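# A closer look at the structure
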Amino acid sequence: MRRTSIPRHFYKYRGIPPASDVKGREMLEALLLDNQLWLATPNTFNDPFDGKASYQVNLRGADLRQALERWHRRVAREGSQAAKAWVRTEDVAEPSRVERRYANMNERMRENLGVCSLSTDPANPLMWAHYTGDHRGVCVQLRPANDPATLLAHKMEYSSEYPVLSNMLEPADARAAILPVLRKSKDWEYEKEWRIVGLNEPNALRSFRPQALTAVIFGIRSTEDSRAYVRDLMDERERRYSCRPHLFQAVADERTYRIRMKTIEVGRS
């Protein structure tokens, strides 16, 4: 598999909830103040196609029976004779039964995944509109080099078709096991998405080093109150961790449909 270089920065788009939304502000402060990323389960994604896959068993007859026996020995840690007893003749005769069973297993496995979606583009108008409350929120810059273990992310693939899993009865590498959540429709390609995928981290917070949060960008429509709120959080960050992110203001270009960044405060590492 071709290696993909890690981007210099990742970006997390977030809205700024009103002060009355205590839970919403707690989640935002988990990111901006407590250095925590939320890993959501795939069934909470806004795209119902996200995480889907096609399952194919290409083996037939004796080859399929032997593969099923190996699978039972590996997964159930059964001996050879016991594994043979587990193999159902109807499954060998009708491979689609195996495909359906594996699809159900994959659905259950997905419930134990936690996924955090990041982008490599801090200036995408659609991202600002969709994920920051119509340009009223913030875009948070993270530098993976400052915490490579925690911010290890996978580049999304975009396609018109679901990924096909055809070697489900054989040992698979880690990426193959999570492939369904690493591919989306081409309609989402503009997001330039990378994903942190945590096994056994469903709906969980993952902590990163304070130095990995390097900048906060305010949306074009951000209010003075929301900027003051975030500045207060940055003051607290500085007191806690002795480092302060850069602050930028997103502004609309005067001649093109583009977002530009204006420096409003230089931070310190």
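Residues numbered from 1 in each chain as written. Predicted model: local features only at pLDDT ≥ 70, side-chain atom pairs only at ≥ 80, totals over all residues. Heavy atoms only, no water.

When helices and strands are counted, the protein chain shows eight helices and 14 strands. Seen through its C-alpha atoms, the protein chain measures out along the principal axes to roughly 70 × 40 × 40 Å. Looking at the protein chain residue by residue over its 269 residues, the buried ones come to 44%. Taking the contacts inside the protein chain whose residues are at least 6 apart along the sequence as the reference set, 76% of them involve residues at least 24 apart. Working note: accessible area of the protein chain is about 14,800 Å², and carbon and sulfur atoms make up 49% of it. For the protein chain, the distance from the average site of its 44 positive side-chain charges to the average site of its 36 negative ones is 3 Å. (Helix = DSSP H or I, 4+ residues; strand = E, 2+ residues; numbered from the N terminus. Buried < 20%, exposed > 50% of the residue type's maximum accessible area, 1.4 Å probe, protein only. Contact = heavy atoms within 4.5 Å. Areas by Shrake-Rupley, 256 points an atom, 1.4 Å probe, with all protein chains shown as cover. Lys, Arg positive; Asp, Glu negative; His and termini not counted. Charge placed at Lys NZ, Arg CZ, Asp CG, Glu CD.)

Turning our attention to unusual backbone geometry. We note that D134 has phi near 60°; this positive angle belongs to a residue other than glycine. Topologically, D134 is positioned in the loop between α6 (125-131) and β5 (138-142). A positive phi angle, close to 70°, is found at H135, a residue other than glycine.

A few words now on helix α8 (residues 224-241). Spanning 18 residues, α8 covers 25 Å between terminal C-alpha atoms, matching the ideal 26 Å at 1.5 Å per step. Here α8 has its buried residues at S226, R227, Y229, V230, L233, M234 and R237. Projected onto a plane normal to the axis of α8, the buried residues spread over an arc of 155° and lie on a single side. Exposed and facing more than 90 degrees away from the buried side of α8 are D225, D232 and R239. Buried positions along α8 lie against α1 (22-32), β5, β12 (213-218) and β13 (246-252). The positive-phi residue at the C-terminal boundary of α8 is S242, with phi of around 60°. (Expected span 1.5 Å × (residues − 1). Arc of directions from axis to C-beta.)

This part takes up the packing of aromatic side chains. For the structure on display, the rule yields two aromatic pairs. Centroid distance F10 to W194: 5.6 Å. Interplanar angle 50°. Geometry classified as tilted. Placement of the pair is F10 in strand β1 (residues 10-14) and W194 in strand β10 (residues 193-199), with a sequence separation of 184 residues. Looking at W194, the relative accessible area reads 5%, which means it is buried. Residues Y13 and W128 carry aromatic rings whose centres are separated by 5.4 Å and whose planes lie at 85° to one another, so their mutual orientation is edge-to-face. You can see Y13 sitting in strand β1 and its partner W128 sitting in helix α6, a full 115 residues away along the chain. Taking the ring centre of F45 as reference, the NZ or CZ of R195 above it sits at 4.7 Å. (Phe/Tyr/Trp six-rings, centres within 6.5 Å; stacked < 30°, edge-to-face > 60°. Lys NZ or Arg CZ within 6 Å of the ring centre and 35° of its normal.)

What follows covers the pairing of β10. Counting buried residues in β10 gives six out of seven residues, a clear majority hidden from the surface. Alignment of strand β4 (residues 113-119) against β10, held across seven bridges, turns out to be antiparallel. Considered in β10, the bridge of S119 is made with E193. Sheet topology note: the strand β6 (residues 154-155)/β10 ladder contains two bridges and is antiparallel. In the strand pairing of β10, K155 is matched with W194. (Pairing = 2+ DSSP bridges.)

Looking now at the pattern of salt bridges. Per the stated rule, a full pass over the model turns up 18 salt bridges. The salt bridge partner of R227 is E224, with a shortest N-O separation of 3.2 Å. Residue R227 and its partner E224 are located together in helix α8, separated by three residues, close to a single helical turn. With a closest N to O distance of 2.2 Å, E265 and R244 form a salt bridge. A residue pair is termed long-range when its members are at least 10 positions apart, and E265 in strand β14 (residues 259-265) and R244 in the loop between α8 and β13 qualify at 21 residues. (Salt bridge = Lys/Arg side-chain N within 4 Å of Asp/Glu carboxyl O.)

When two helices pack together, their arrangement is captured by the angle between the axes and the distance separating the axes. Between α1 and α8, whose axes approach to 11 Å, the crossing angle comes to 45°. Put simply, α1 runs oblique to α8. Note that α1 runs across α8; the crossing there is right-handed. Side by side, α1 and α8 meet where R25, L28, E29, L31 and L32 of the first sit next to Y229, V230, L233, M234 and R237 of the second. Considering only residue class, the contact of α1 with α8 consists of seven nonpolar, no polar and three charged. (Axes fitted to C-alpha atoms, helices over the stretch in contact; angles between N-to-C directions. Parallel < 35°, antiparallel > 145°, perpendicular 65-115°, else oblique. Left-handed = near helix turned anticlockwise from the far one by under 90°. Nonpolar A, V, L, I, M, F, W, Y, C, P; charged D, E, K, R; others polar.)

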